[in-house]
Amino acid sequence: MSNGDTSIEQKLRTAWSQEQRYFHIRGLARLLIWVVVLVLVDLLIDWGIFFRSRLTGTPQLLLLIINVGVLGWVIWNEWLRHLKRYDAVRVSLEVEAKHTELRSILVSYMQLKDHDAESLNASQSLLDAMRNQAISLTRPLDFREVVDFRQLRNLFMFAVVCIATFSSITYLRTEE
């Protein structure tokens, strides 16, 4: 494996790592928002319905089961289903979507890098030219640009507001 092969592979792994980090942060933030919202809703239901009607036992257990179901759905739908194993071709496609000047050279490179000319019934010089072009085109690029962490700004602001509101309500309630 030449230095260019290693460099491209490292860049792709770094981009994949950034993508995984993005989904972990986004999933955790959304989970925290849902936890705060569910706690507030549960407090309203418990105080507004169960406490006033003196219901205990089964309704609270049903509320707990609903909460666990909702949180399980959030964990799966907003977090775990977006995590993917490393696949160099898939990450290459994402990089090429962001860097259109590559014109599928990176995907071709990743698909053909482990094959020799004989197994592909292709010209060795053509494969070498494609590999060299892929290496030279990708050398100045930063593959981490594929993931835009700025998209998380609004989510974090909402999460911070929810947590701050819940914390202030809790703080005010304990002083009384």
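Before reading on, note that the structure itself is shown above.
Small disclaimer: the values here were computed from a predicted structure and weren't measured. (Residues numbered from 1 in each chain as written. Predicted model: local features only at pLDDT ≥ 70, side-chain atom pairs only at ≥ 80, totals over all residues. Heavy atoms only, no water.)

**Regarding unusual backbone geometry**
The backbone phi angle of arginine 103 is positive, close to 45 degrees, even though this residue is not glycine. Mapping arginine 103 onto the fold places it in the loop between α3 (88–98) and α4 (105–112). Phi is positive for serine 104, which is not a glycine, with a value near 65 degrees. Tracing the backbone shows serine 104 in the loop between α3 and α4. (Helix = DSSP H or I, 4+ residues; strand = E, 2+ residues; numbered from the N terminus.)

**Let's talk about the side chain of glutamine 20**
With respect to the helices and strands, the residue glutamine 20 is situated in helix α1 (residues 3–53). A polar atom in the side chain of glutamine 20 sits 3.3 Å from the backbone oxygen of lysine 84. Beyond its immediate sequence surroundings of up to four residues, glutamine 20 is in contact with Leu83 and Lys84. (Polar contact = N/O pair within 3.5 Å; in protein donor to acceptor, adjacent residues only side chain to side chain. Contact = heavy atoms within 4.5 Å.)

**What about the pattern of salt bridges?**
Evaluated as defined, the whole model comprises 6 salt bridges. Between glutamate 9 and lysine 113 there is a salt bridge; the shortest N-O distance is 3.8 Å. Placement of glutamate 9 in helix α1 and of lysine 113 in the loop between α4 and α5 (117–120) is noted, with a sequence separation of 104 residues between them. You can call glutamate 9 buried: its relative accessible area is 17%. (Salt bridge = Lys/Arg side-chain N within 4 Å of Asp/Glu carboxyl O. Buried < 20%, exposed > 50% of the residue type's maximum accessible area, 1.4 Å probe, protein only.)

**Topic: the packing of aromatic side chains**
The tally for this structure, following the rule as stated, stands at 4 aromatic pairs. Each ring, one from tyrosine 22 and one from phenylalanine 23, has its centre 5.3 Å from the other, and the planes form 70 degrees; the classification is edge-to-face. The exposure class of phenylalanine 23 is buried, given its relative accessible area of 13%. Taken together, a centroid distance of 5.8 Å and an interplanar angle of 75 degrees make the contact between tyrosine 22 and phenylalanine 149 edge-to-face. Here tyrosine 22, found in helix α1, pairs with phenylalanine 149, found in the loop between α6 (124–138) and α7 (152–175); they are 127 residues apart in sequence, far enough to count as distant. By relative accessible area, tyrosine 22 is classed as buried at 9%. Each residue in the set Tyr22, Phe23 and Phe149 is aromatic and connected to the rest through ring pairs, giving one cluster. In this structure, arginine 13 is placed above the aromatic ring of tyrosine 86, and the distance from its NZ or CZ to the ring centre is 4.0 Å. (Phe/Tyr/Trp six-rings, centres within 6.5 Å; stacked < 30°, edge-to-face > 60°. Lys NZ or Arg CZ within 6 Å of the ring centre and 35° of its normal.)

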